[in-house]
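Fold and contact review
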Amino acid sequence: MTGIFPWLILFLPLLAAAGITLFALDHRAVSARLSIGAVVISFALSVALFVHGTRGETRFNWISLSDGAASWIVDIGLRLDPLSLMMLLVVTGVGSAIHIYSYGYMHDDPGVGRYFAGLSLFTFSMLGIVLATNFLMLFIFWELVGVSSWLLIGFWFERPAAADAAKKAFLTNRVGDFGFLLGIILVWAVLGTMDFGQLQKMMAANPALIGNSTIGIAGFLIFCGAAGKSAQFPLHVWLPDAMEGPTPVSALIHAATMVAAGVYMLCRVHFMLAADALEFIAWIGGITALLAALMAIQQNDIKRILAYSTLSQLGYMVMTVGLSGVGGNPSAAMFHLTTHAFFKALLFLGAGSVILALHHEQDIWKMGGLSKKMPVTFWTFMIATLALCGVPPFSGFFSKDEILATAQRTSPALFALGVAVAGLTTFYMFRLIFVAFTGPVKSQLPDHAHESPAVITLPLVALAVPSLLAGFWGIDRFYASQFGTGEAEAATGWVAQLTAPFAHAPGAAFGGLAAVVIGFLAAFALYWNKVQDPLPAMLGVVARWLRDRFYFDELYAKLIAATQDALATLADFVDRWLIAGLFVKGTHGSVELTGRLLRLVQTGNLQTYSLMFVAGVAVLLLFMLIR
Amino acid sequence: MLAWTIYISFLGAGLLTLLPRNSAALARRLALLTALAGLAVAVAGLIRFDPAAGTRMIADVPWIPALHIRYFLAADGISVTLVLLTGLAAVAGILFSWNIEQRTKEFFAFYLALIGGVYGVFLSFDLFLLFVFYEIAIIPKYFIIAIWGSTRREYGAMKLALYSFVGSAMVLIGMIAAFVVAGHLTGHYTFDLTVLARVPFPASFQRWAFPLVFIGFGILAGLWPFHTWAPTGHVAAPTAASMLLAGVVMKLGTYGCLRVAMTLFPAGVTMWRTEIAVLAVIGIVYGAMVALVQKDFKFVIGYSSVSHMGFVLLGLVTLNQIGLDGAVLQMFSHGILAGLLFGVVGRMVYDRTHTRELADLETMNLGRALPFAAVTFVIAAVASMGLPGFSGFVAELQVLVGAWSAFPKAAIAAGVGIVIGVAYLLRAVQRAFFSDMAARPVEAAAHHPLPPISWPERIGAGLLIAASLVVGLYPQVLLNVISPGVASLLEAMRKGGAL
């Protein structure tokens, strides 16, 4: 009975997307119902699978080629294990809340049908990544996710910024995916299979394989894919621009689920990442976390602040994967991924509620005083902020604490970096709260603001619950069972669970808390009741660098102009003037010239002909004599 | 039964010439009916094809006994696949030329003659017969472009014809040489491809005969640097002709490379495969690069064909099962997708806007004016850039996987070509359909609304998209017939000294 559930979970959103595209593009209510219905049913089925405790795989053969030496067999299959089951719940659960919210948010847009079709296509693709049993299938859905993200970022394609952002996201991801694909081919070339289960067995049976240099390189290449999708330095530039898409899209795709796919994939293939690759991954994650947090403190667009925050938190997760060590347990990364999905989606939806109330104003310096006008939005936003900062007992506290504890055990440098990022996070989030929600009103817009309707506030409340409580649900232990390492006995009771981190790794827990306090005090001192940002005056040029994102975008634009555009122009020149011009025209010209010269010989004059005839005979005779 | 594809097409072409003047509607219907009949035979051929039985004989009778030339038709999995491609492209091309009003019946007569020639090439197992069909296919192409073409049509047609004939001349020399040398060696003169493939040609002969024949066919496949006929030819040609040109005629080239050059001269392949792989990869990256800076919409697609055909050529010289399977699958896939892209650009856009300059199209708000064209082009573009679910992904991935074991560096460079492929297609999508300038009100478009997309166009686009999707979602449907064909060719090549 439950055998068909995974297939239904995967394909219902696709059916919805196809149904909307073919029949309901112009019917807003029908398209919304199809799309919401599909994801809610998928969620219900996922809950059923979770409760039932289903494990295992179902599959059928998709491609099968062989020529004796090598065989290339690819299955399409679905894999249920702790990792994918929990991810299913996150994607469909958070997805359900955001789908419903979208109905309120996009209600007046003429392209509602197209919107919901894209959203359902995305859900399908994301579920495919979660359930994939092998590298190639994962890559297939990986690309589909990229396309649906492209469609949704560019949803308002009439806006040049949106169209450019969509293109940038696609291209940057493709650069990462190029490495990913090479990595996959390399894995296949060395080990002869792409199936996760078989690969894991091989690695377990032969531990020396992890030291194989080719597999080490494959690990780096596979990480390229994760770096693209999870927007890690230096491929991070697309994510902030992706905020040009509708806000619910930012919440679902560019905060909660798709950008987490890179982390998920790294955990899925963690068994074949070598020590070098893991160290590299840890540092890239750490650098991303720090850079993004720094950039966030000088942004003024409410969605962009949240986007840099997402980058930074993704950096945390990637760092944790790297720090977990060969054959280690990266479940802390998955734990943070899960809690982050709840509270970051909530933050974006809250921001969307504000944006809607202010008629699409996104500059926090034109807001202020919203806490009284929009109490539900404010309090849920507050819960999410506290969770993001890592204040006990909110969910983020537990997951961030595990990350810091992992770092403390393995790398003092990255531990210090992690604590600093925690402080920065609190600073920029409370800057946002103090400027946008409290303090004086900074333009006329907030005067007319009022709380959003229930279709918007209900999803906010629904997401606030796990943002607050998810730390107590044992999600970390559930993930840990995937990696087979025995975790310490779980504490029982709420108080015991709350105090466990302090007893377990006091350095990490108190360090994190201290950072939060310092960050909060700094934000309070600088931004409480302010109408202007005092930082640029204090920091001068540094503030400008932070605001302009360390000029990465400009640097890349210059690099592309200097290399690829120049090469393309050169190639065009070669084609036009050298190949088509010189060689082809040259051949043409020399044939024509020969023709013209020979024509001179054909005068029609008998004397000329006889003269040439005699000359020819003479030359021939001479030739014979000399021989 | 497959031979009927040839006869039906020529019969249709003949009937069309007999129609009275001013019978355009009848001519269209007759042409469509003929192409549909051909497609039906091709589909039936695929379904009834038994991969386990190997090459299936169709007809074998003496034709010019004095020269040992026979009328020898047969089909293996590769032929069956390409015959199916031809059938699909032929039907779609007719649907996309439903609006041809000038000398309609002559157009379709030439068109069907071209199709008949193409079917003939894919089914001939006698080298001389293959060559005859190959030449038959070239002549109507010239007239179609020169009479019904657009931009610089005489130039484009002449350039295409000259390139084709240079290639043919090279093939002819190689062919006669093979005939004579094989006769000397074995005492048995024949053009039978299956027999010639078993002749142990001396290495010194293969060293020059292989590149001669391979490049001779390769010219038509857009092998760099002999590709320059392709963009100008595509641009000059009317829509249906560019669909066929990119869709099937370029495949004649790669098919010839595989069926003639590589099977006859396996030792030659081994000697020259690195050079060819280099040329193929240059074509992939270079075609994509040049496509990135084109100002003419059709030139973008024209150069993209050069790039995608590079994958076929690269797959051919991998000389392993996966790479060759990929090459044949890519022939099919590119045939479908290039047809679709040219259909959108030439018929849906150019015939309505009368411009292909991206700078002009930017101002026309085509995303709103022609939503069907925009959606179709987006689908074709993502399919062409290798989105999983469409045929291109499986085909190019197989070529990359196959190339990895033969030429790892080439595989990496080809991968770069895929990344650039995304860039030029996204650029074209954005500029032609969803430009930021399109937000401005345009007076001209408001006064003269563009004619809506007609049903033949919708059906043609749907047919091609469906074909690409079916193969993309379940590639085994074609791989089941392609693989055994490739396997037996490879087996023969190994015996003949390849690798």
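Along every chain, residues carry numbers that run from 1 in the direction the sequence is written. The order in which chains are written sets their letters, starting at A; the order in which ligands are written sets their numbers, starting at 1. The model is predicted, so local features are restricted to residues of pLDDT at least 70 and side-chain atom pairs to those at 80 or more, both for listing and for counting; the totals for chains, interfaces and linings are taken over all residues. Excluded from the side-chain calculation are hydrogens and water; included are all heavy atoms of the structure.

Residues belong to one nonpolar core when they are buried, are Ala, Val, Leu, Ile, Met, Phe, Trp, Tyr or Cys, and are joined through side-chain atoms within 4.5 Å. Partly exposed describes any residue whose relative accessible area lies between the buried limit of under 20% and the exposed limit of over 50%, with all areas from a 1.4 Å probe on protein chains only and scaled to the type maximum. W72 and F135 of chain A together with L314, F377 and F433 of chain B are the most contacted members of the largest nonpolar core, which has 428 residues in total. Any pair of residues with heavy atoms lying within 4.5 Å of one another is described as a contacting pair. Those residues in contact with W72 of chain A, other than ones at most four positions away along the chain, are I63, S64, L65, L136, W188 and M194 of chain A together with I322, L397, Q398 and V401 of chain B.

The way it works is a 1 Å grid over only the protein atoms, where trapped points that fit a 1.4 Å probe form a cavity and open points with protein on both sides within 12 Å along at least five of seven lines form a pocket, and then any residue with an atom within 4 Å of a point lines it. Grid points are joined across faces, edges and corners, and a volume is the space filled by probe spheres set on the points. In the structure shown here, the tally under the stated rule is nine cavities of 30 Å³ or more. When its volume is computed, the largest cavity comes out at roughly 190 Å³. Taken together, 17 residues make up the lining of the largest cavity; nearest its centre are F139, R174 and L181 of chain A together with L400 and I418 of chain B. The helix count covers DSSP runs of H or I at least four residues long, the strand count covers runs of E at least two residues long, and both are numbered beginning at the N terminus. Counting only elements with at least two residues in the lining of the largest cavity, the list comes to helix 5 (135-153) and helix 6 (160-191) of chain A together with helix 17 (391-406) and helix 18 (408-432) of chain B. Taken together, the residues that form the lining of the largest cavity break down as ten nonpolar, three polar and four charged. Ten residue types, Ala, Val, Leu, Ile, Met, Phe, Trp, Tyr, Cys and Pro, are classed as nonpolar, four, Asp, Glu, Lys and Arg, as charged, and the remainder, Gly among them, as polar.

Another aspect to go through is the packing of helix 5 (residues 127-148) of chain B against helix 6 (residues 153-186) of chain B. Residue and element names in this part refer to chain B. Following both chains from N to C, one finds helix 5 and helix 6 inclined at 170 degrees, their axes separated by 8 Å at the closest point. In terms of orientation, helix 5 lies roughly antiparallel with respect to helix 6. Contacts between helix 5 and helix 6 involve L127, F128, F131, Y134, E135, I138, K141, Y142, I145, A146 and I147 from the former and R153, A157, M158, L160, A161, S164, F165, S168, V171, L172 and M175 from the latter. Residue composition of the contact of helix 5 with helix 6, grouped by class: 17 nonpolar, two polar and three charged. Axis angles are defined between N-to-C directions and span 0 to 180 degrees, where every axis is a line fitted to C-alpha atoms and, for a helix, only to the segment in contact. Reported orientations rely on four angle classes, namely roughly parallel under 35 degrees, roughly antiparallel over 145, roughly perpendicular from 65 to 115, and oblique for the rest.

Side-chain pairs of opposite charge can arise where the charged atoms are in close proximity. Residues and elements named next belong to chain B. One speaks of a salt bridge when a side-chain nitrogen belonging to Lys or Arg is within 4 Å of a carboxyl oxygen belonging to Asp or Glu. For the structure shown, the criterion picks out 15 salt bridges over all chains. Here R259 and D76 are joined by a salt bridge, their closest N and O atoms 2.8 Å apart. With a gap of 183 residues between them, R259 in helix 10 (residues 239-264) and D76 in the loop between strand 2 (69-75) and helix 3 (77-96) connect regions that are remote in the sequence. We classify R259 as buried; its relative accessible area is 5%. Residue classification places D76 among the buried residues on the basis of a relative accessible area of 4%.

Another aspect to go through is the side chain of T34 of chain B. Note on placement: T34 of chain B falls in helix 2 (residues 24-48). Ignoring anything within four residues of it in the chain, the contact list for T34 of chain B reads I8, S9, G12 and L112 of chain B.

What follows covers the interface of chain B and chain A. The partner chain A presents 44 residues to the 53 residues of chain B that form the contact. On inspection of chain B and its partner chain A, the count reaches zero salt bridges. Elements that contribute at least two residues to the side of chain B that touches chain A include exactly helix 6, helix 11 (266-292), helix 13 (321-353), helix 16 (371-384), helix 17, helix 18, helix 20 (455-473) and helix 21 (476-495) of chain B. It is helix 18 of chain B that contributes the most residues to the side of chain B that touches chain A, eleven residues altogether. The residue makeup of the side of chain B that touches chain A, split by class, is 35 nonpolar, twelve polar and six charged.

The subject of this paragraph is the pairing of strand 1 (residues 56-64) of chain B. Residues and elements named next belong to chain B. In this analysis, strands are considered paired if DSSP registers two or more bridges between them. Here strand 1 pairs with strand 2 via seven bridges, running antiparallel. Among the inter-strand pairings, D60 is bridged to a residue of strand 2, identified as F72. The hairpin turn running from strand 1 into strand 2, its antiparallel successor, is four residues long, and H68 in that turn takes a positive phi close to 60 degrees.

Quick look at the packing of aromatic side chains now. Classification of ring pairs rests on two measures: the distance between centres of Phe, Tyr or Trp rings, Trp counted by its six-membered ring, which must be within 6.5 Å, and the angle between planes, read as stacked under 30 degrees, edge-to-face over 60 and tilted in between. Taken as a whole, this structure holds 55 aromatic pairs over all chains when the rule is applied. Ring centres of Y101 of chain A and Y105 of chain A lie 5.9 Å apart, and the angle between their planes is 15 degrees; on these two criteria the pair is classed as stacked. Of this pair, Y101 of chain A and Y105 of chain A both sit in helix 3 (residues 82-105), four residues apart, roughly one helical turn. For Y105 of chain A, a relative accessible area of 8% puts it in the buried group. Pairing F179 of chain B with F191 of chain B gives two aromatic rings, centres 4.2 Å apart and planes at 10 degrees, and the pair type is stacked. Linking F179 of chain B in helix 6 with F191 of chain B in the loop between helix 6 and helix 7 (193-196), this pair joins segments that are twelve residues apart in sequence.

Okay, the layout of surface pockets next. By volume, the second largest pocket amounts to about 1,100 Å³. Along its surface, the second largest pocket is lined by 32 residues, and L171, T172, Y556, I560 and Q564 of chain A are the ones closest to its centre. Counting only elements with at least two residues in the lining of the second largest pocket, the list comes to helix 6 and helix 25 (552-601) of chain A together with helix 11 and helix 18 of chain B. Tallied by class, residues from the lining of the second largest pocket come to 20 nonpolar, three polar and nine charged.

Residue and element names in this part refer to chain A. Relative to the elements of secondary structure, S371 occurs in helix 15 (residues 370-373). Judged by relative accessible area, which is 17%, S371 ranks as buried. Along the backbone, S371 and T438 are 67 residues apart, and their C-alpha atoms lie at a distance of 6.0 Å. With near-sequence residues (within four places) excluded, S371 lies in contact with F378 and F437.

Moving on to unusual backbone geometry. Residues and elements named next belong to chain A. Residues P392 and P393 are joined by a peptide bond in cis, for which omega reads 5 degrees. On the secondary structure map, P393 appears in the loop between helix 16 (375-389) and helix 17 (395-410). If you check the backbone angles, A231 has positive phi at about 55 degrees while not being a glycine. Within the secondary structure, A231 sits in the loop between helix 8 (213-229) and helix 9 (238-241). Look at H359: it is not a glycine, yet its phi comes out positive at around 55 degrees. Position of H359 among the secondary structure elements: in the loop between helix 14 (331-357) and helix 15.

Bringing helix 3 of chain B into the picture now. One less than the number of residues in a helix, times 1.5 Å, gives the span that helix is expected to have. End to end, helix 3 of chain B covers 29 Å across 20 residues, agreeing with the expected 28 Å (1.5 Å per residue, within 8%). Burial analysis of helix 3 of chain B places 20 of its 20 residues in the buried class, which makes it a mostly covered element.

Before going further, it helps to examine the confidence of the model for chain B. All names here are of chain B. Note: pLDDT gives the predictor's confidence per residue, expressed from 0 to 100. Averaged over all residues, the pLDDT of chain B equals 85, while 97% of them reach at least 70. Per-element confidence in chain B ranges from a low mean pLDDT of 49 for helix 19 (residues 443-447) to a high of 91 for helix 3. Quick note on the complex model: pTM equals 0.84, ipTM equals 0.79.

Turning our attention to the state of the cysteines. All names here are of chain A. Any two cysteine sulfur atoms lying within 2.5 Å of each other are counted as a disulfide. A complete count under the given rule lists zero disulfides over all chains for this structure. C224 takes part in no disulfide bond, and the closest cysteine sulfur to it belongs to C267, at a distance of 18 Å. Classification of C224 by relative accessible area gives partly exposed; the value is 30%.

We now examine the environment of M243 of chain B. All names here are of chain B. Structurally, M243 is set in helix 10. In sequence terms M243 and L337 are 94 residues apart; their C-alpha atoms lie 9.3 Å from each other. Beyond its immediate chain neighbours, meaning those up to four positions away, M243 contacts A92, G93, F96, V248, G339, F342, G343 and L464.

Now for the packing of helix 16 of chain A against helix 19 (residues 454-469) of chain A. All names here are of chain A. Look at helix 16 against helix 19: their axes get within 9 Å of each other, and the N-to-C directions meet at 25 degrees. Between helix 16 and helix 19, the angle is such that the two are roughly parallel. Between helix 16 and helix 19 lies a crossing whose hand is left-handed. Taken together, the residues of helix 19 that come into contact with helix 16 (itself represented by V376, T377, T380, I383 and A387) are T457, L460, V461, A464, S467 and L468. Split into classes, the residues belonging to the contact of helix 16 with helix 19 amount to seven nonpolar, four polar and no charged. Should the near helix be turned anticlockwise from the far one by less than a right angle, the crossing is termed left-handed; should it be turned clockwise, right-handed.

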